[in-house]
Amino acid sequence: MPITLALAGNPNCGKTTIFNALTGSRQHVGNWAGVTVERRSGFFESAGIQVEVVDLPGTYSLSAQSEDERIAAGFLADPTVEVIVNVLDASNLERNLYLTTQLLELRRPMVFALNMMDDAEKNGLKLDPTALAALLGGPVVPTVGNREEGIQALREAILKLACAGPEPLAAGGTVNYGPDLEQELGKIVREIHRDEELARTCPPRWLALQLLENGFKAKSLVERSHARQAVTTQVQSSLAFLEPHLGADGATLVAERRYGFAHGLVEEVQKRSATRRTDITARLDAVLTNRWLGIPIFIAIMVAVYSLTFVVGKIPQDWIAGGFNLLHTWAGERLPPGELTSLLVDGIIPGVGAVVVFVPIIMLLMGCVAFLEDTGYMARAAFIMDRLMHLMGLHGKSFIPLIMGTGCNVPAVQATRTIEARDDRFITILVAPLMSCSARLQIYIVIAGTFFRPVQAALAILAMHFLGFALAMAVGKLLRLTLFRGANAPFVMELPPYRLPVLKSTAIHMWEKGSVFLTRAGTTILGGATLVWFLSHYPGISNRSWSEELHRQEAAVRTLNLPPLEEASRLDDLALAHQSRVVNTSLAADIGKTLQPALAPILDPDHSRAEAWKDSIALTAGFVAKEIVVSTMAVIHHTQVGDRDGNPDVSGLQSALRQRSGLSPLTALAFMVFTLIYTPCLGTIGMILKETRSFIWTSFSVVYGLGLAWLMAWLTVQGGHALGFA
Amino acid sequence: MSQDKPKPLSDLHPGDEALVFEVLAQGRIRQRLLEMGFIRGARLKVEKLAPLGDPMELVIKGYHLSLRREESQCILVSEED
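First, a word on scope: everything that follows refers to the structure included in this document.

The rules we used
Residues numbered from 1 in each chain as written. Chains lettered and ligands numbered in written order. Predicted model: local features only at pLDDT ≥ 70, side-chain atom pairs only at ≥ 80, totals over all residues. Helix = DSSP H or I, 4+ residues; strand = E, 2+ residues; numbered from the N terminus. Buried ≥ 20, exposed ≤ 12 C-beta atoms within 10 Å, placed from the backbone. Pairing = 2+ DSSP bridges. Axes fitted to C-alpha atoms, helices over the stretch in contact; angles between N-to-C directions.

Examining the environment of Gly264 of chain A
Residues and elements named next belong to chain A. Checked against the element boundaries, Gly264 lands in helix H13 (residues 250-269). In this structure Gly264 comes out as partly exposed when scored by C-beta crowding, with 15 C-beta atoms within 10 Å. Measuring from C-alpha to C-alpha, the distance between Gly264 and Ile445 comes to 67 Å, with 181 residues separating the pair along the chain.

Considerations on the pairing of strand E3 (residues 43-49) of chain B
Two faces belong to every sheet, and in a regular strand the side chains alternate between them. Residue and element names in this part refer to chain B. Direction of pairing for strand E2 (residues 17-23) relative to E3: antiparallel, over a ladder of three bridges. Of the residues in E3, the one forming a bridge with Ala18 is Leu44. Here E3 pairs with strand E4 (residues 56-60) via five bridges, running antiparallel. Along E4, the bridge assignment pairs Val46 with Leu58. Counted along the chain from E3 to the antiparallel partner E4, the turn is six residues long, and its residue Gly53 has a positive phi close to 95 degrees.

What about the sheet that holds strand E4 (residues 49-55) of chain A?
All names here are of chain A. On the basis of which strands lie adjacent, the open sheet formed by seven strands has the order E2-E3-E4-E1-E5-E6-E8 and mixed pairing. The open sheet has two edge strands, strand E2 (27-31) and strand E8 (140-142), and neither has a second partner. Averaged over neighbouring strand pairs, the angle between their axes works out to 25 degrees when direction is ignored. Pairing of strand E6 (residues 110-115) with E8, which is carried by three bridges, proceeds in the parallel orientation. Across the sheet, the residue bridging to Ala113 is Val141, located in E8.

What to know about the pairing of strand E5 (residues 81-89) of chain A
Residue and element names in this part refer to chain A. For E5, the buried fraction is high: nine of the nine residues fall into the buried class. Relative to E5, strand E1 (residues 3-9) runs parallel, the two sharing six bridges. When the bridges of E5 are listed, Leu7 appears paired with Val85. Looking at chain direction, E5 and E6 are connected through six bridges and run parallel. Pairing of Val85 across the sheet is with Val111, part of E6.

Concerning unusual backbone geometry
Of note, the bond from Tyr538 of chain A into Pro539 of chain A is cis; its omega dihedral lies within 30 degrees of zero at 0 degrees. Inspection of the secondary structure assignment puts Pro539 of chain A in the loop between helix H25 (503-537) and helix H26 (544-559). Along the chain, Asp54 of chain B connects to Pro55 of chain B via a cis peptide bond; the corresponding omega equals -5 degrees. Following the sequence through the fold, Pro55 of chain B ends up in the loop between E3 and E4.

Nothing here speaks to function; it is all geometry.
Right, dumping it as structure tokens:
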């Protein structure tokens, strides 16, 4: 049986580096039950004993106000946790000890890792671990997590404690809340003991403190007990005595005593040496959050991250896309024609390709985000952008996911992980798909290039990007005022000292993000791609007489003995004609025709277009990925995209659209608006499902996207008519 | 020298130092502020305002923290005498 160990500590105390140093690469990342907070666990073995390390979310307290705190408090209350390691930032001891005062109340065997000792020394602080150990009642191990110093000593201390059993060491340091509070706490504890069941689920003194603090979780625990009457009465009479007597409410009194304990401890164990180095963080902040320089520097950093992700990331993306294209051609030429081949060649290979192609940009963007987070700049970015984002009902940290959304919505949704408060994160996830991504740009280029003059086309494309951003603002505000009206999570954000990130941690993080995407979101995308292949190929693909007709025509062309180039182009034409026929009689076409009345007000307001139903096929394909809309339009309009060498050339499609599609400049603009707003791609849906872990919110995202797309496109058409455009 | 009347933290300017007098906020925000060290008598210093004027950066209990105006309005501080 492995020993279970929980790592608890404040955010930014270096808990993750301690975790990585303890467990090495033997770790597993998942989610805590029912929520999207990452659950990280790993193993180490020492002296033949297996230890499972569980990294709790970083929290400032255990008062169970936020999702993170509920998880941490819940897991610590679990009887399977044998040892708690409390990681403390030695350079910021007093605030870190606040959480410790709460952990001590749990009466569990506890080891203290006094981390970032090097920072503390550089700040001119001298700490006495032995004195601290005596005051806290548990072993204190000085560590420097990012250099893996003190890790072996920490392992030994953990094992020693685990083997000693809970009895002798559980009696550690106690916070003294002063005579008045202690007296009332004793009374409440006595009442709690009336229900032994209640006293066993939660240490009575811990529960009593939470009741004095008016803790919601504690109150609901007591509500379920048969002793609720007695306990509640005692709490009320205690508060009635304490509050006027000590001049503050219960929560303040408890917090004051805890900070009093922490302050006293720091006075005992910490000496500030006379020489204090000039603070690097202060000097960096003088520039990085400067009133005038802060925003330009922020923009420059965003440009750098964006270029690294989407410009550099495009290189491996192109290799991957090229590789899958080769595989597609190779398999298509070698396998006997038929439905299974088509499933593999036109369904599964491009489907897997569509998933894998995201991996480089996901890893790069997540690497950048982790780098910004670990250095401490992410908090500054939120500090700089918060005012603007708050106007949209969002958080300062929402800005980076939104900006990255203009490259690709998939990693943008994933990047919302940095936003702690659930409401802020969900709103950002829901509005991020409105940012116009680079795949949508291809569609705008074809459509605008076909129906507008060059300058107009450029303006129309630019307008799409602004419209996306404006809608994200409006929808964000609207969601905040309606579905996410709950108490605004307080924006009380620590600005941690700047630190050099540990590259190993960043690398581990990037690897995890990439592989988690492949396993979780990947299956959704592949499933969806296969479904769309089915819809757009059946029943035509199983029509024997059509495929025989194709073979007869191909054989006939070959007997003509034409020059090779001409023969190849004739064969391509035949294949294309066959494909068009299959698609245009497919289930997708049926759906398109059925949906056509719904789209008519925006794409065919005058009911003059015979081929309007083809738009719905193209838009259905756009559900899978915006990248395939142009090629799908080419197939359904029976033209070729790209010359024989694979160079993109859309002039054929553009002339076909101009001559046959019946779109007017106005309805073309409506088509662009619709493309901007409705669900970007299956990749985004897969990611939203992974990040919200909720079918309801994922469906909501799709439905509101379609609804809003329709509304805005309709307004475009109506507005255009009103202004006198056809 | 007599102490000035307590005033909201949001009225302070960069460079000002003060002592926490009372947290007026209620509910979640109150609990969070208490945990972060806004207890009676805690010394704080306003460091700067964000480039767009909000939020505010301050130092309390030896670490840096940022607060929106919404929250800093709910904290009464008294200037040191």
